[in-house]
Amino acid sequence: MGGVRRVVPAVFSSPTLPVWRDHTVPLPGFCLGDGQPLTDATVRLRRFGPDGAPVIVALGGISSDRRLADVGDGRAAWWARIVRPGGPVDLDRYQVLGLDLLPGPGETGVRTLTPADQARALAAALDHLGVPRLEALIGASYGGMVGLAFAALFPERLKQLIAISAPHRPATHATALRGIQRRILALGIETARPEQAVALARELAMTTYRTAEELDLRFGQDAVPDAAGQPYAVCDYLKARGRAYVPHMTAERWISLSDSLDRHRVDPGAVTVPTTLLGFTSDQLVPIADLEALAVGLPNLRTLVRAPSLYGHDGFLKEEAVVADLITSALAEPLCCLSELAA
């Protein structure tokens, strides 16, 4: 395994729905990295797949939740084409856990936390569920940061890590962009317009998740509006994305999770489990050079795959064939202690 491979797109279809159940796990006495306890001292998980099967945890970006796979309830699942019966993360073969990231709905203010706090909460939840060791932790974006932290903190509990678009520390440019978003959100709270602030911050975020090339391809030939102040087509698209996000994220929770991204620090040398990395060469939030630096420092690197994408950081959601191929190969290949940095 290694390098950027040409992939024949898979046909994703599932005639069946997986077995699933929700869990609300108590976290008594759990404190965040700032030493302050949770007001909502629970973590919510969804478990898919057959009882007794090896367990995989899959985590996504700060907007993701426990709804990994389609269960036929009419609610969106964020990785349904990857996590499904017979799929790259096969729900006929594995139990798969999805997680609602902290802070939970009972936390109404801004909280200071890190991806390592999410990893500690995950470990406590696994204890509660009686899961001593994971077959794999698959994390994309923020979920990959949590995965790196979990691997560093609990190496004995993890057989392998698959991290997609996730560095060991944030890029300064990305911190700068997220800082602007947080100031927009804070201004919305101060002026009692939090929903408008969430929508506007989401508009800005979308320009960082995608690439200039994609936006130009989609909107570059559209007509110029008649007068100043009227929206361009690309602006209408961003406004629609912003409005759609308002029901799913509060300003306070977004500030907490966004700040958590920028507090992320993991020593690559502390991640001793076999690790597979995937990065997208067009990703402006996680530059491929940062993943190369992480790869060099990992004691047990399996491979780093560099993939082109029109979609930038959102490649982990949009480049389904590349992600499916990487995960399928990582789960199928025997683990070894040889590190490889793919050309």
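Participant: An account of the side chain of Asp40 is needed here, citing residue identities and associated values.
Facilitator: By secondary structure assignment, the location of Asp40 is in the loop between strand E1 (20-26) and strand E2 (42-48). Exposure remark for Asp40: the relative accessible area of 10% places this residue in the buried category. Here the side chain of Asp40 touches Thr42 through a polar contact of 2.7 Å, side chain to side chain. Among the polar contacts made by the side chain of Asp40, one reaches the side chain of Arg44 at a distance of 3.3 Å.

Participant: Just give me the short version of helix H4 (residues 194-209), but keep the residues and values in it.
Facilitator: Along its 16 residues, H4 runs 22 Å from first to last C-alpha, staying within 8% of the 22 Å computed at 1.5 Å per residue. For H4, the complete set of buried residues consists of Ala197, Val198, Ala199, Ala201, Arg202, Glu203, Ala205, Met206, Thr208 and Tyr209.

Participant: Please give an account of the environment of Gly242 that cites residues and values.
Facilitator: For Gly242, the location among the structural elements is in helix H6 (residues 233-245). Once residues lying within four places of it in the same chain are set aside, the contact partners of Gly242 are Ala199, Arg202 and Glu203.

Participant: Residue-level account of the side chain of Glu107, with values.
Facilitator: Along the chain, the position of Glu107 falls in the loop between strand E6 (95-99) and helix H1 (115-129). Only 2.8 Å separates the side chain of Glu107 from the side chain of Arg111, close enough to count as a polar contact. Beyond its immediate chain neighbours, meaning those up to four positions away, Glu107 contacts Leu38, Thr39 and Asp40.

Participant: Would you mind going over the nonpolar core in detail, with residue names and values included?
Facilitator: Of all hydrophobic cores here, the largest spans 73 residues; its most connected members are Leu134, Leu137, Phe150, Leu161 and Trp254. Membership of the second largest hydrophobic core comes to 30 residues, among which are Ile56, Phe316, Ala330 and Leu331.

Participant: Could you give me a rundown of the sheet that holds strand E3 (residues 55-59), with the residues and numbers involved?
Facilitator: One open sheet accounts for 8 strands, arranged E1-E2-E6-E3-E7-E8-E9-E10; its pairing is mixed. Two strands bound the open sheet, and with one partner strand each, they are E1 and strand E10 (301-307). Averaged over neighbouring strand pairs, the angle between their axes works out to 15° when direction is ignored. Docked against the sheet, helix H2 (residues 142-153) engages E3, strand E7 (136-140) and strand E8 (161-164), running at close to 140° with respect to E7.

Participant: Residues and numbers for the pattern of salt bridges, please.
Facilitator: Evaluated as defined, the whole model comprises 18 salt bridges. Put simply, Arg66 and Asp100 hold a salt bridge, and the shortest N to O gap is 2.3 Å. Residue Arg66 is located in the loop between E3 and strand E4 (83-84), and its partner Asp100 is located in the loop between E6 and H1; the two are separated by 34 residues in the primary sequence. Residue classification places Asp100 among the buried residues on the basis of a relative accessible area of 18%. A salt bridge links Glu214 to Arg218, with the shortest nitrogen-to-oxygen separation between them at 3.1 Å. With Glu214 and Arg218 both in helix H5 (residues 212-219) and 4 residues apart, this pair spans about one turn of that helix. Each member of the salt-bridge network shares a partner with another, and the members are Asp22, Arg46, Arg66 and Asp100.

Participant: Which residues make up the confidence of the model for the protein chain, and what values do they have?
Facilitator: The share of residues in the protein chain with pLDDT of 70 or more is 93%, and the mean pLDDT across the chain is 92. Here residues 1-14 scores under 50 on pLDDT; set against residues more than four positions off or in separate chains, the count is 34 contacts. Under a pLDDT of 50 for its full length, residues 337-343 has, in the predicted model, 26 contacts with residues more than four places off or in other chains.

Participant: An account of helix H8 (residues 288-297) is requested, with residue identities and associated values reported.
Facilitator: Buried within H8 are the following residues: Ile288, Leu291, Leu294 and Ala295. Buried residues of H8 fall within an arc of 115° about the axis and therefore sit on the same side.

Participant: Break down the packing of aromatic side chains for me, with residues and values.
Facilitator: The final tally for this structure, using the stated rule, is 4 aromatic pairs. Seen from their ring centres, Trp78 and Trp79 are 5.0 Å apart, and the 20° between their planes marks the pair as stacked. The pair formed by Trp78 and Trp79 is uniform in burial state, with each residue classed as buried. Judged by centre distance (5.3 Å) and plane angle (35°), the ring pair of Phe219 and Tyr237 falls under tilted. Of the two residues, Phe219 is situated in helix H5 and Tyr237 in helix H6; the sequence distance between them amounts to 18 residues.

Participant: Residues and numbers for the pairing of strand E9 (residues 275-280), please.
Facilitator: Across a regular strand the side chains alternate sides, sitting on one face of the sheet and then on the other. Counting buried residues along E9, 6 of its 6 residues qualify, which places the element largely inside the surrounding structure. Alternating residues of E9 divide into Thr275, Leu277 and Gly279 and Thr276, Leu278 and Phe280, and every residue in both groups is buried. Bridging between E8 and E9 involves 4 bridges; their strand directions are parallel. Looking at the pairing, Ala163 lines up with Leu277 of E9. Relative to E10, E9 is paired through 6 bridges, and the arrangement is parallel. The residue of E10 that forms the bridge with Phe280 is Ala307. You can see the chain leave E9, run along H8 and come back into E10, and the turn it takes is right-handed.

Rules of the game
Residues numbered from 1 in each chain as written. Predicted model: local features only at pLDDT ≥ 70, side-chain atom pairs only at ≥ 80, totals over all residues. Heavy atoms only, no water. Helix = DSSP H or I, 4+ residues; strand = E, 2+ residues; numbered from the N terminus. Buried < 20%, exposed > 50% of the residue type's maximum accessible area, 1.4 Å probe, protein only. Polar contact = N/O pair within 3.5 Å; in protein donor to acceptor, adjacent residues only side chain to side chain. Expected span 1.5 Å × (residues − 1). Contact = heavy atoms within 4.5 Å. Core = buried A, V, L, I, M, F, W, Y, C linked by side-chain atoms within 4.5 Å. Pairing = 2+ DSSP bridges. Axes fitted to C-alpha atoms, helices over the stretch in contact; angles between N-to-C directions. Salt bridge = Lys/Arg side-chain N within 4 Å of Asp/Glu carboxyl O. pLDDT = per-residue confidence, 0-100. Arc of directions from axis to C-beta. Phe/Tyr/Trp six-rings, centres within 6.5 Å; stacked < 30°, edge-to-face > 60°. Right-handed = clockwise from strand over helix to strand, strands pointing away.

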